Amino acid sequence: MSTKGEDVFRKIVAHCKEYGFIFQSSEIYDGLSAVYDYGQTGSELKKNIMDYWWKSMVQYHENIVGIDSAIFMHPTVWKASGHVDAFNDPLIDNKDSKKRYRADVLIEEYVAKIEDKIEKEVEKAASRFGDKFDRNMFIETNPRVVENKQKIEQIMSRFVKSLEANDLKDVKALIEELGIVCPMSGSRNWTDVRQFNLMFSTQIGSLSEDASLVYLRPETAQGIFVNYLNVQKTGRMKLPFGIAQIGKAFRNEIIARQFIFRMREFEQMEMQFFVKPGEEKHWYEYWKEHRMKWHTALGIPASKYRFHDHDKLAHYANAAADIEFEFPFGFKELEGIHSRTDFDLASHQKYSGKKLQFFDPVTNESYVPYVVETSIGLDRMFLAIISNSYNEETLEDGSERVVMNIPPALAPIKIAVLPLVKKDGLNDKAREIFDYLKYDFMCQYDEKDAIGRRYRRQDAIGTPYCITIDYDTMQDNTVTIRERDSMQQDRIPIEKISEVVAKRIDIRKR
Ligand code: ATP
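Residues numbered from 1 in each chain as written. Predicted model: local features only at pLDDT ≥ 70, side-chain atom pairs only at ≥ 80, totals over all residues. Heavy atoms only, no water.

Let us look at the overall build of the protein. On a plain count of helices and strands, the protein comes out with 17 helices and 23 strands. In terms of overall dimensions, the protein has C-alpha extents of about 80 × 65 × 55 Å along its principal axes. Classification of the 510 residues of the protein by burial places 49% in the buried group. Taking all contacts inside the protein whose residues are at least 6 apart in sequence as the whole, residues at least 24 apart take part in 64%. As displayed, the protein offers around 25,800 Å² of accessible surface, 49% of which is attributable to carbon and sulfur atoms. Averaging the locations of the 73 positively and 80 negatively charged side chains of the protein gives two centres separated by 1 Å. (Helix = DSSP H or I, 4+ residues; strand = E, 2+ residues; numbered from the N terminus. Buried < 20%, exposed > 50% of the residue type's maximum accessible area, 1.4 Å probe, protein only. Contact = heavy atoms within 4.5 Å. Areas by Shrake-Rupley, 256 points an atom, 1.4 Å probe, with all protein chains shown as cover. Lys, Arg positive; Asp, Glu negative; His and termini not counted. Charge placed at Lys NZ, Arg CZ, Asp CG, Glu CD.)

Right, here's the structure in full:
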């Protein structure tokens, strides 16, 4: 991470704590690593992100329905899904620092450094050649860039090959040959690489002899697959159709740094779209585009997002891409779109002995549907939103403000109701307005401190509108409405507040 990125990221984490977005879990006991709690502001933002996703997937698609399946599932589910045997991370320890790393991350970071070098080379040339600069041509012909690109290709193809063959000795050899050092100790004194399963397990049943091993689900998708037939039959669903779900997932992540980017307990918003075999490529493209639109409709610049098509496909996928977001620590995966073939349903069919098929009334045949999945981490989406929203501004009068430019539709509090002073009936009038607005909007009433400080507090939690009740209000029933980003203030009648705010926070207006 660049020092600037690090600095911004540190500020965001501190801001999240100070303003009730996110707290470390069990903080009074010194915290539990990679587990976080959402505070009074954060839980509202999180709920709004969930609603935005649920509405766009379930409410706006007549052929997508939602479910809410349990976290515990029959242990054989995880055998069938491949998680018991293959949900592993390759780990390596540095003997000097005693720090543990993911071997794949060490290699990817090494490759990212080479990519940075290429980018610097390109930027240098671009400023030298100005308007005449042809980026593609430069990348294809500049000897240093070509050499570095080849180097990346060699490293990645060898790494992918050894991982696929489970040749962990070669993964270690690659780390040694590349001269990768431990970021803590700077040494190359590495242990062997070994696989580590990421699922948490526990016992179900009160007596140990009855006890049976169950897992905390590492993804929500399997709850959808095992309910495929229930939903298809009871909902009388025809292909193509989707099942959506939002819920907790658990992974014993080894390197759980970077705040809520990688947590041990997190939440996923997943949708499995069941299609006729042969139509999956079409739907894969459809969902890639549709999901990107969902992101950009929030008004976050499109340049913050990019697709990353997978070179290394999981054994069950025939196409896969990530939507990456530019976090303060660089572009990283935010969402995955995967064409999963019939792998999951066919495997559950085999393990359960139950037919998981669709009878196609048009062709008169039964088959196992193919699946295109969209899978996004709710917490990662939260991090994307807050890291994009955090802004430090110097105002015209020289003063500073920290403002969270959260997309208004997602803002935790939509309206702050502020009496100019808490006397002469202004506070009673403000309460009256608050009581009337609260049925339609998440509002906050605040009468403490000078009005300027109250505005700053609302800016810091991203409230798009502040309504101020002053002496004129008592005469003519008008209030000032202050918009967060422009800080512009208008005077409007009380009965217009709902209409004005509703219009401006409506996501469809974008
Ligand atoms: P990564 O490569 O970052 O570990 P992944 O490819 O394992 O992610 P998936 O299994 O495809 O992730 O999960 C789908 C989504 O769930 C991811 O795009 C991400 O947004 C989210 N996610 C996965 N693991 C975590 C985690 N430990 N903490 C928070 N969100 C996560």
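Read on, since the account is not over.
Once that is clear, we can look at the sheet that holds strand E4 (residues 88-93). Hydrogen bonding along the main chain pairs the strands of a sheet, whether they run parallel or antiparallel. Taken in spatial order, the 3 strands line up as E5-E4-E6 in an open sheet, and their pairing is antiparallel. This sheet does not close on itself; its edge strands, each paired only once, are strand E5 (100-102) and strand E6 (194-197). For this sheet the average axis-to-axis angle between neighbouring strands, irrespective of direction, equals 45°. For E4 and E6, the ladder comprises 4 bridges, and the chain directions are antiparallel. (Pairing = 2+ DSSP bridges. Axes fitted to C-alpha atoms, helices over the stretch in contact; angles between N-to-C directions.)

Take the domain arrangement of the protein next. Assigned domains of the protein: these are domain 1 (1-76 + 200-398), domain 2 (88-197) and domain 3 (413-509). For domain 2 and domain 3, the distance between their C-alpha centres works out to 53 Å. (Domains from an automatic or database assignment.)

Around the ligand lies a shell of 16 residues, among which Glu-253, Arg-262, Met-263, Glu-333 and Leu-334 are the nearest. In this structure, an oxygen atom belonging to the ligand sits 2.9 Å away from a side-chain N or O atom of Arg-251. In this structure, Glu-333 approaches the ligand through a side-chain N or O atom, which is 2.6 Å from an oxygen atom. Relative to its unbound accessible area of 590 Å², the ligand is 84% covered by the protein chains. Put simply, the parts of the chain that give the shell around the ligand at least two residues each are strand E10 (265-275), strand E13 (330-339) and strand E16 (370-377). Top element by residues in the shell around the ligand is E13. It accounts for 5 residues. For the shell around the ligand, the residue count by class is 5 nonpolar, 5 polar and 6 charged. (Near = heavy atom within 4 Å. Polar contact = N/O pair within 3.5 Å; in protein donor to acceptor, adjacent residues only side chain to side chain. Nonpolar A, V, L, I, M, F, W, Y, C, P; charged D, E, K, R; others polar.)

In the structure shown here, the tally under the stated rule is 24 aromatic pairs. For the ring pair Tyr-36 and Phe-259, a centre distance of 5.2 Å and an interplane angle of 80° mean the geometry is edge-to-face. Of this pair, Tyr-36 sits in strand E2 (residues 36-38) while Phe-259 sits in the loop between strand E9 (241-250) and E10, and the two are 223 residues apart along the sequence. Residue classification places Phe-259 among the buried positions, given a relative accessible area of 9%. An aromatic cluster is built from Phe-9, Tyr-36, Phe-259, Phe-261, Tyr-305, Phe-325, Phe-327 and Phe-329, whose rings are joined through pairwise contacts. (Phe/Tyr/Trp six-rings, centres within 6.5 Å; stacked < 30°, edge-to-face > 60°.)

Moving on, we get to the pairing of E13. In terms of strand pairing, strand E12 (residues 319-327) meets E13 through 9 bridges, oriented antiparallel. Paired with Phe-327 across the strands is Gly-330, a residue of E13. Hairpin connection, E12 to E13: the antiparallel pair is bridged by 2 residues. One ladder, built from 5 bridges, connects E13 with E16; its direction is antiparallel. Note that in E16 the partner of Gly-336 across the bridge is Ser-375.

Turning our attention to the packing of helix H2 (residues 42-59) against helix H13 (residues 378-389). Where H2 contacts H13, the axes come no closer than 10 Å and their chain directions differ by 110°. Considered as vectors, H2 and H13 are oriented roughly perpendicular to each other. Crossing angle aside, the handedness with which H2 passes H13 is right-handed. When H2 is examined against H13, the residues Gly-42, Leu-45, Lys-46, Ile-49 and Met-50 are found in contact with a partner set consisting of Leu-378, Asp-379, Met-381, Phe-382, Ile-385 and Ile-386. Residues belonging to the contact of H2 with H13 are distributed by class as follows: 8 nonpolar, 1 polar and 2 charged. (Parallel < 35°, antiparallel > 145°, perpendicular 65-115°, else oblique. Left-handed = near helix turned anticlockwise from the far one by under 90°.)

Among all residues except glycine, the phi angle is most often negative; among peptide bonds, the trans geometry is most common. Cis rather than trans, the peptide bond between Leu-239 and Pro-240 has omega equal to -10°. A positive phi is found at Ser-26, a non-glycine position, where the angle reads about 50°. Look at Arg-236: it is not a glycine, yet its phi comes out positive at around 50°. Mapped onto the elements of the fold, Arg-236 is located in the loop between helix H10 (228-234) and E9. The exposure class of Arg-236 is exposed, given its relative accessible area of 68%.

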